[in-house]
Each structure stands twice: as structure tokens, then as C-alpha cells.
Protein chains: 2
Amino acid sequence: MAKEITSRSENYAQWYNDLVIKADLAENSSVRGCMVIKPHGYAIWEKMQSELDKMFKASGHSNAYFPLFIPKSFFSREAAHVEGFAKECAVVTHYRLKNDPSGKGIIVDEDAKLEEELIIRPTSETIIWNTYKNWIQSYRDLPLLINQWANVVRWEMRTRLFLRTAEFLWQEGHTAHATREEAVEEALKILEIYSTFAEQFMAIPVVRGVKSESERFAGALETYAIEALMQDGKALQAGTSHFLGQNFARAFDVTFTNREGKLDWVWATSWGVSTRLIGALIMAHSDDDGLILPPRLAPLQVVIIPIYQKREQMEAIAPIAQKIKADLEKTGISVKFDDRDTQKPGWKFAEYEMKGVPVRLAIGPRDVENRTVEIARRDTRTKKTIPLEGVPDETRKLLDQIQEQIYQKALKFRNDNTFRVDTYEEFKELLDTRGGFMLAHWDGTAETEMKIKEETKATIRVIPVDSPGEKGTCIYSGKPSKRRVLFARAY
Amino acid sequence: MAKEITSRSENYAQWYNDLVIKADLAENSSVRGCMVIKPHGYAIWEKMQSELDKMFKASGHSNAYFPLFIPKSFFSREAAHVEGFAKECAVVTHYRLKNDPSGKGIIVDEDAKLEEELIIRPTSETIIWNTYKNWIQSYRDLPLLINQWANVVRWEMRTRLFLRTAEFLWQEGHTAHATREEAVEEALKILEIYSTFAEQFMAIPVVRGVKSESERFAGALETYAIEALMQDGKALQAGTSHFLGQNFARAFDVTFTNREGKLDWVWATSWGVSTRLIGALIMAHSDDDGLILPPRLAPLQVVIIPIYQKREQMEAIAPIAQKIKADLEKTGISVKFDDRDTQKPGWKFAEYEMKGVPVRLAIGPRDVENRTVEIARRDTRTKKTIPLEGVPDETRKLLDQIQEQIYQKALKFRNDNTFRVDTYEEFKELLDTRGGFMLAHWDGTAETEMKIKEETKATIRVIPVDSPGEKGTCIYSGKPSKRRVLFARAY
């Protein structure tokens, strides 16, 4: 009856792919590495956008829009950036097609070759800082707090729906400041916004931290990130916020007159989260029956399903369902009454479980008689029968409970799978048998980091911001270390 | 004191460009033909998006997202479409750059040439119908009512901010239906949504109508459009809705089993409005002092400006201003209290006039004494002093009045500049001396339409849907005609 998906224990990667397809979230398009985000998946993205956008605006940011195309030469201006971003990318070389003289369709018109190639933005620091040059003269023009919602393209070789696609949707903030302190403060403020969003809306606990030098954004002095743990024990980077120093200001010659009347380079941050978050949301909470969504990001929070065989039964159920729908909608809850007669109740139950609707209300002839409703929650799959007049209150309470409990469940999972590891043997053993987060001592060198990565595929996810100083010895080199850092295998 | 812009009477085109720049709406980027939409301009777009999106969703549409890239061969599948869209476009030919062996920056890696070139979408019918093929099997899968908010690229040679840019933002709806009637009904329903949006939110009266064959969308059986009249007497197409028949279903082999169990091609519509609407909004209402915005689309509806010389005066004004702000915000009005001490009141007045804030409240020491406030409206530039306790009510009323009156003003302008013309001489004379909409008889042939266009630059904007049948003779050929059509020179 239910749409079937591979179980997590059988094949986690296949479970994920099956779920994305069967829950109608996204699919691969006929363009290599690019996905089609289907209405149900896009509705989740819209909820995410709406909440994040409110938080950005409440903290003084405005939205704007910069070009999709970046002249090739812009990338060469910032030395680290060009290495990181200008390699695997989509290159526009021509601006016209023409009819094939042989009559077989259309071909590129070689007369319409661009003087300078254009790159489809993989990220927009370069074009934005080239623009900021004209916007900033004095400290009075600062800070400049701008965000952009946009599509970007990175020509990834191995792609997976939501997690890694050639084109993806994201927001990218680009701010300009008069002082180093203010820019660092901004980068950390955004890290806090991302954490709050992950924990309070996505119901995913995250570790806030700073990246090691080799994991930094190309062109940044410091990259802050939040890391989440998925059910298979792998980490997923759920948002990054970069302190860019004066690198892009120097590259694009953006100076300003400070309060003392002196000319200085402008300080910068950039930060972003993407449709990858939908992948994180799926992998953090869902089960073998399909998607589990936190109510605050569920496009549809409640579905009402009538159980009937005869038309008269449906006629008695419908007004009750309509009344519940209206009552719930008045309090801002999104509700659907699925009165289709083309599908059986059992099919509908499975369908909404697959799609992750948090609360299901079912009403049958006996409920009409007894003035009751069956209320079921998607996360625990428990249900009970309650009096009709209690439905609005119970539903509201249940939605809050689900939001809280799936967060607590994810938190417990993370705590149960975060290990303080003191030897390299134990580190490797745990990685292979359980996965999870490893808090271990590291000597602070890129060499050790690289060796560990080569030998175990585990990387330093972050140096947690709240990790206390603790003397120890590096699990790999045995050299002294001042604090534990967070290792994991990651998406 | 005020930022100066060219007057409309002196040079309308220059006035428009000056205004877009001085009101901080947009600017040209360093990429040919692509604009940067600045925060104030983007905020207007967000208001437009928000209202349109609500209307689309209320009429049963969902949002989704399809790839930016379209394989070149897709365009060749629909014969008319390829002629219309696959010519002036951005072509991606490579997917990698590499370091120039000579050490001078980066160059295209010729080893990373795509087997098939990818076109940056100029519109998405082809990729979407290629996707719909897998989504539609039976009449039960229909209708499919999907919209996409996206960027598109058309390699225009002559560009103007908002009105015609190589990259622009838009929404494109793509629906699939089981019957011709239902698809036509959908196309007309959207035309009605666009008209309502133009008239009730943008405060711009529009003529609803159908395009002549030569002005049709490439691939459509019928193109419906709304046409607006700008202050310089030129028309601007403000939205189009296309009945595509079964053309794209045939091109991409999208069939379904109908209620009778027979296989048929799916019926289609597509429809869109773009950031061009911001150009229309500017040109319909604004004046020589800057932008005039209808309150329902103004990102900032009310600004409060303190008038003071001494700090004590400001200290008396601030709490009053804060109270007004809080009171207005409670009723959903957006308000800013501009308490900056870096700018004089006169400078602020001019700044908010330039940016089109509909209502300005000014509070000086005498107002504090008398418990009054000066309330000024941007559109008519009239002002009066009112008692403090009346401010919330007066402001709300004034915003409604402004919305209504700028619509009425635009309507009167359009009525005063719509002419029933019966001879070609009069037609040409009026076009050159006054511009405006010309209702004239046309013989229905593409030849006549083309001749008139060549000789006068006027085109048939639409055949109005509500124009009554009326026998007459074509102004150009003298042949018989059954109804008047709407001619104008257009953007």
C-alpha cells in the first residue's frame, strides 16, 4: 500500500535518494548535476527563506541583487579566491546561436564570441566588491549590510540531490565595515543567527566553531561554521560565515575615509546557507516511512482525512472537518482537508507520512457519533482519540511538542554519538564502527590534519567556540595540544 | 540642496535614468547589459513578489524550481520557439578554467568542452515540458499549476535599467491541462490577476487584450497582455499570458490518458511578469522631484523627521516620534524615524521625496508645544498641520487616499491620451505631437501591421478584450474592419 523506500539500516545513501524522490521533494533534471526542486521541496525552501529573511532584516540587513555573470578577470584579483572558485565552473563564451547551414538545428555563432569570458557566479564576492567600490567613500557609508537570494553554479563532478548539485539556491550576505572588530562581530552575529535557525526551526542541534586554516573559505581570514550530525554518523556543514579581513577591499581597491580622516581599506564578511539545508533536514529526522518535518518548517502542518464508505457518512464528516480546518487556520496553522474520493484512507495515510505532515486528524462515522477525532503524530507514529471540542488546543500543543521533541531526539542522538577520543586507534575504530563526532587533541598543524584526512577520511569540522582549554597530546603526532577539536567524516 | 534630476519636459529618457540612479533603485554593472538592483529597488520588487505570490497561491498555484541551463537541442524541438528565443542568448561551452601557462591569470580549459552547449534560460518552456513528460500520465495528474521565481537572460543589444536588461528577474508560470477550454480559462484567469495587481497595487490602469499574430509569444496560439500608458505617451507591456495549445506537449511528447481512456496531448499555458514592472511603476507616476510610489508597494510608507537645533529640542521630539512610530506599526504601516544628526531636515525632505516615501511627518519644537504634527504627502506635495492624537487615523486615511488618487490621476491621463482615430494622417500626426493610445480600425493583415510599424514605429499593442464590435475601414488599407485595435509606440 505505502510507497516503499529502502530502509536506513539496509543502505542509508539509497534510503536518502528514495526518500527525496518518493516524498516528491526533488529529482535530477536532464542537465547533468542540476536538480528540479519539486513543489513540496520548494515549499520547504520557502519556509526556510521566510524565517531566515526575517532574521536578517531584524538585524539590519537589506536584500539586493547582483549579476549572474562575473568577468573572468575578476577572479584573478584575489589570489586565494581564484584557486578556490575559478576552476570548476560554467563558462559563457558566446552570445548567439544561428541556424546550422546544413539544416540540422542550431549551432553556436562563432562571430558572437565574447571578448572576455563570463563565469556563472559560484559565489559573488568579486562582483559585489567591484560594485562596493563605488558605494563606499567614507565611514558614513558604513556598515553596508547586504544579502542576496540567488542561484549559483559550481561544476561538481559527483552530485547528490540537495547535498551537492551543480546549480543550487542560496543566500549570500556581503557586508562592509569600518573596523576589524565590527566585521568579526558581524561574522559571529550571523553564526548565531544560523545556529538559532538550525536549532529552533530545523530542530537540529549544531556545534558552532571556527574552521582550521585548510578548511577556510578561499579568501577568508577566518571561517566560522555550524556543524550538524546526521543519523548515519556523518557531519554536515549547515552554514558558514567568513571574516574576510581587507582581502577583497584590497583586490578591488575599496577604500574609505575613516573618522580620523585617514584612508583605509574596508573590512568585509560574507556568509551563506543553501538548499543543502533541505538535505540536512531530511537526514537529521526522517525514518523508513518517509520524511519527518519540524512543524515550524512544514509547509502543511495538519492534514484531515475522512474515513467513510457511503456518501451519507462523508456528508456528516465534511462539515466537522471544515470547521476544524477553519478553527486551526484562524490561529495560523496550515491545514488541508483531503476529501478526494479517488484514493482510499490507507493510501492517504501513507502518502502524508511519506511527505512528513506532522499531525494527522482522522474522522470516521463513529467519531461523528461520539463527537471525537483521532489525532496522530508523524514523528512517533502514536495516536489517540480525543473529544472534538479539544481539537484546536490539542493540535496546537502537539505541534509545539513535536517541534521540541524532535529537537531533543536529535540532541540525544548527537550526545550519544559524540566521543572524547584520546588515541588514534580508538579514533579509527570508532569512525569505522559508529561514526559520529570525535573530540580529540590535534597539534595544530596542517600536516597532521592532512595525514588524518588521508588515512581516515575524517576532517576537522570545527574548533568549537565553546570548547574549554585543555592540555593534551595530539592523537596523531603526540605533540602537545591546548584544546580538543571536532573531527568527523562529513558530507 | 536636493539631488537634481533632469526634468521630464527637457528629456524624458534622461529623467528616467537620472531618477533610477538618484533614487538608489539600480545601476549598470560592469557586465554589459546586466544591472545591479540596489536595496531600495529590490525592496519594491519584494513587495511586488509578495503580493503576486499570494494571488498565485490563492488561485491554486505552487512554486517550484527548474534548472538555469537548457540543452541547446531542446530549443530546436518547437519550431516557432527556436526562432524567437534561441538566437540572442548566453551560451555555456566549457566547464573549467585553468592557470594560464604563461602565468597571466586564468584561461578556458579546452579539455573541458561540453559535448552539448548549454543555454542560459531565456524562458523555461522547453526544460519544463521536458520534465512534465515524467509527471503526467493521466487526467488525474492534471491540472498542474506551477510557477517559478527566477532569473533569465536574453542578450539584448540596447539595454535600459529595469526596462530591458540582459539578465532580469521574473516569475514564469507553466501550467498543464486536460482540455483546451481549461487552458484558455487559465490564461485568462492569469490575465485578470495581472490586471488586478497592476490596478490595485501598482495604481496603473491597464488595457486587457489579445496580441496580433505577429506580436505573439514564440510558440503560442494566443498571447494575452496588459498594456499600460507611460507619461511620455508610450505604451508598456506589463504582463503576458500565453495559451500554448498542444505545441510544447507535442514537441516534448507529453501525452495523458483522458477521462474517456484515450491518449491525448496535454494543453499548456505560460505567463510572466518581470522586474520591468519597476520601470513601469517609475514612469507611470513619478515627477521631477523623484519617485512617487503607491503606498501598497512602498517599502517605507511613512518617514518621521525631527526639526530641531538644540539637543533639548530633540529630546522632547524623540519620544513623540517613537510613540507615533509604534502606533502606526501596530496597524501594519512601515515607518522610519530618521533621527540621524549627520543630515539637515531639508536634505532629508529632498531625500525621501526622491525615494518616493508616500507620507512624511515632521515634528518641530512648536509642534511639541502645540501637540501637533505636520503631515505631508509625496504625490501632491501638499501638507497640513494636525493634532497629535489624530496622526494614526489621518495617516491611515491618507495612505488609502494616495493609493486611490494616483490611480485616478493615471487613469485620467490615460483617458485624456487615448484617441479614436479614423484616418492615417490623424494617426501619424497624433503619434508625433502627443503620443498615447490610438484606437483605430485595422484590416487584420500582418502586411498592414508591418507597414504601419515601419512607417510610424507604432505597433498593435492589443486587440482589447472589451472592445465592442464596430464596423469601419482600416486606416491604412481602407479595407473593411470589424473592430478597433489599440496602437501605440511602445517600450
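Residues numbered from 1 in each chain as written. Chains lettered and ligands numbered in written order. Predicted model: local features only at pLDDT ≥ 70, side-chain atom pairs only at ≥ 80, totals over all residues.

## Thoughts on the overall build of chain A
Logical step 1: Tallying secondary structure elements over chain A gives 14 helices and 26 strands in all.
Logical step 2: Radius of gyration (C-alpha) of chain A: 26 Å, near the 23 Å computed for a compact globule of 491 residues.
Logical step 3: By its C-alpha atoms, chain A is 80 × 70 × 55 Å across when sized along the principal axes.
Logical step 4: Among the 491 residues that make up chain A, the fraction classed as buried is 48%. (Helix = DSSP H or I, 4+ residues; strand = E, 2+ residues; numbered from the N terminus. Rg over C-alpha atoms; globule rule 2.2 N^0.38 Å. Buried ≥ 20, exposed ≤ 12 C-beta atoms within 10 Å, placed from the backbone.)

## Overview of the sheet that holds strand β23 (residues 459-464) of chain A
Backbone hydrogen bonds hold the strands of a sheet together, and the pairing may be parallel or antiparallel.
Residues and elements named next belong to chain A.
Logical step 1: Overall, mixed pairing links the 11 strands, which are arranged β3-β8-β9-β15-β12-β11-β10-β23-β26-β22-β21 in an open sheet. Two strands in the sheet have a free side with no partner beyond their single neighbour: β3 (62-63) and β21 (418-421).
Logical step 2: Bridge count between strand β8 (residues 144-153) and strand β9 (residues 167-177): 10 bridges; the pairing is antiparallel. Opposite Gln148, over in β9, you have Glu172 as the bridge partner.
Logical step 3: Sitting on the sheet, helix α5 (residues 125-135) is in contact with β8, β9 and β15 (267-274), with an inclination near 35° to β9.
Logical step 4: Sheet strands in contact with helix α13 (residues 424-433) are β21 and β22 (437-441), and its direction is about 160° off that of β21. (Pairing = 2+ DSSP bridges. Contact = placed C-beta atoms within 7 Å. Axes fitted to C-alpha atoms, helices over the stretch in contact; angles between N-to-C directions.)

## Section: the sheet that holds strand β19 (residues 372-377) of chain A
Residues and elements named next belong to chain A.
Logical step 1: If you trace the 5 strands from one edge of the open sheet to the other, you get β17-β16-β18-β19-β20, paired in mixed fashion. The open sheet has two edge strands, β17 (335-337) and β20 (383-387), and neither has a second partner. Along the sheet, successive strands turn relative to each other by an average axial angle of 25°, direction set aside.
Logical step 2: Two strands pair when backbone bridges link them, and strand β16 (residues 302-306) and β17 are joined in this way by 3 bridges, in the parallel orientation. By the bridge assignment for β17, Val302 is matched with Val335.
Logical step 3: Packing of helix α9 (residues 311-330) onto the sheet brings it into contact with β16, β17 and β18 (359-363), and relative to β16 it is tilted by some 170°.
Logical step 4: Contacting β16 and β18, helix α10 (residues 345-355) runs over the sheet at an angle of about 170° to β16.

## Examining the interface of chain B and chain A
Logical step 1: Facing the 52 residues of chain B at the interface are 52 residues of chain A.
Logical step 2: Counting residues per element, the side of chain B that touches chain A draws most heavily on strand β5 (residues 88-99) of chain B, which supplies 10 residues.
Logical step 3: Across the side of chain B that touches chain A, the residue classes tally to 30 nonpolar, 13 polar and 9 charged.
Logical step 4: When strand β5 (residues 88-99) of chain A meets β5 of chain B, the two strands line up antiparallel, connected through 5 bridges. From the neighbouring strand, His94 of chain A faces β5 of chain B, where its bridge partner is Val91 of chain B. (Nonpolar A, V, L, I, M, F, W, Y, C, P; charged D, E, K, R; others polar.)

## A few points about the packing of helix α2 (residues 39-58) of chain B against helix α6 (residues 180-201) of chain B
Residues and elements named next belong to chain B.
Logical step 1: Where α2 contacts α6, the axes come no closer than 11 Å and their chain directions differ by 145°. With respect to the hand of their crossing, α2 and α6 are arranged in right-handed fashion. On α6, the residues touching Glu51, Leu52 and Met55 of α2 are Ile193, Phe197 and Phe201.
Logical step 2: Among the residues forming the contact of α2 with α6, the class breakdown is 5 nonpolar, no polar and 1 charged. (Left-handed = near helix turned anticlockwise from the far one by under 90°.)

## Some points on helix α12 (residues 391-416) of chain A
Logical step 1: In a regular helix each residue adds 1.5 Å, so 26 residues correspond to 38 Å; α12 of chain A covers 36 Å between its end C-alpha atoms and thus fits that length.
Logical step 2: Of all the residues in α12 of chain A, the buried ones are Val391, Thr395, Leu399, Ile402, Gln403, Ile406, Tyr407 and Ala410 of chain A. (Expected span 1.5 Å × (residues − 1).)

## A closer look at the environment of Phe162 of chain A
All names here are of chain A.
Logical step 1: Checked against the element boundaries, Phe162 lands in the loop between β8 and β9.
Logical step 2: Separated by 113 residues in sequence, Phe162 and Thr275 place their C-alpha atoms 5.9 Å apart.
Logical step 3: In this structure Phe162 touches Val20, Ala26, Thr275, Arg276, Ile278 and Gly279, once residues within four positions along its chain are discounted.

## Some details on the domain arrangement of chain A
Accessible area lost on assembly of the parts is the figure often given for the size of an interface.
Residue and element names in this part refer to chain A.
Logical step 1: Once the domains are mapped, chain A shows domain 1 (12-285), domain 2 (300-396) and domain 3 (418-488).
Logical step 2: Between domain 1 and domain 3, the residue contacts involve 16 residues of the former and 15 residues of the latter.
Logical step 3: Elements that contribute at least two residues to the side of domain 1 that touches domain 3 include exactly β10 (207-210) and β11 (222-229).
Logical step 4: By residue number, the principal contributor to the side of domain 1 that touches domain 3 is β10, which donates 4 residues.
Logical step 5: Broken down by class, the residue content of the side of domain 1 that touches domain 3 amounts to 5 nonpolar, 4 polar and 7 charged. (Domains from an automatic or database assignment.)

## Regarding the nonpolar core
Nonpolar side chains tend to gather and get buried jointly when the protein is soluble and globular.
Logical step 1: Grouped together as the largest cluster of nonpolar side chains are 308 residues, with contacts concentrated most on Ala228, Ile304 and Leu361 of chain A together with Ala228, Ile304 and Leu361 of chain B.
Logical step 2: Setting aside residues no more than four positions away along its own chain, Leu361 of chain B makes contact with Val302, Ile304, Ile324, Val373, Glu374, Ile375 and Val391 of chain B. (Core = buried A, V, L, I, M, F, W, Y, C linked by C-beta atoms within 7 Å.)

## So, the pairing of β21 of chain A
Logical step 1: Two elements, β21 of chain A and β22 of chain A, share 4 bridges in a ladder whose sense is parallel. Paired with Val421 of chain A across the two strands is Ala440 of chain A, which belongs to β22 of chain A.

## Some points on unusual backbone geometry
Logical step 1: Leu142 of chain A connects to Pro143 of chain A through a cis peptide bond whose omega is -5°.
Logical step 2: Of note, Ala203 of chain B is a non-glycine position whose phi angle comes to about 60°, a positive value.
Logical step 3: Looking at the secondary structure, you find Ala203 of chain B in the loop between α6 and β10 (207-210).

## Structural notes on the relation of the copies chain B and chain A
Logical step 1: Of the transformation placing chain B onto chain A, the axial shift is 0.0 Å and the rotation is 180°, giving an RMSD of 0.0 Å. Both copies are brought into coincidence by an operation consistent with a two-fold rotation axis. Relative to the rotation axis, the C-alpha of Val92 of chain B is the closest in chain B, positioned 2.1 Å from it.
Logical step 2: The residues that chain B uses at the interface reappear at the interface of chain A in 100% of cases, marking a shared surface. (Least-squares fit on C-alpha atoms with pLDDT ≥ 70 in both.)

## As for the environment of Gly245 of chain B
Residues and elements named next belong to chain B.
Logical step 1: Tracing the backbone shows Gly245 in strand β12 (residues 235-245).
Logical step 2: A tally of 19 C-beta atoms within 10 Å means that Gly245 is categorised as partly exposed.
Logical step 3: Separated by 24 residues in sequence, Gly245 and Thr269 place their C-alpha atoms 7.4 Å apart.
Logical step 4: What Gly245 contacts, discounting residues up to four positions off in sequence, is Leu221 and Trp267.

## Some remarks on the confidence of the model for chain A
Logical step 1: Residues of chain A with pLDDT of at least 70 account for 99%, and the chain-wide mean is 96.
Logical step 2: Among the prediction metrics, the complex's ipTM stands at 0.96, with pTM recorded as 0.96. (pLDDT = per-residue confidence, 0-100.)

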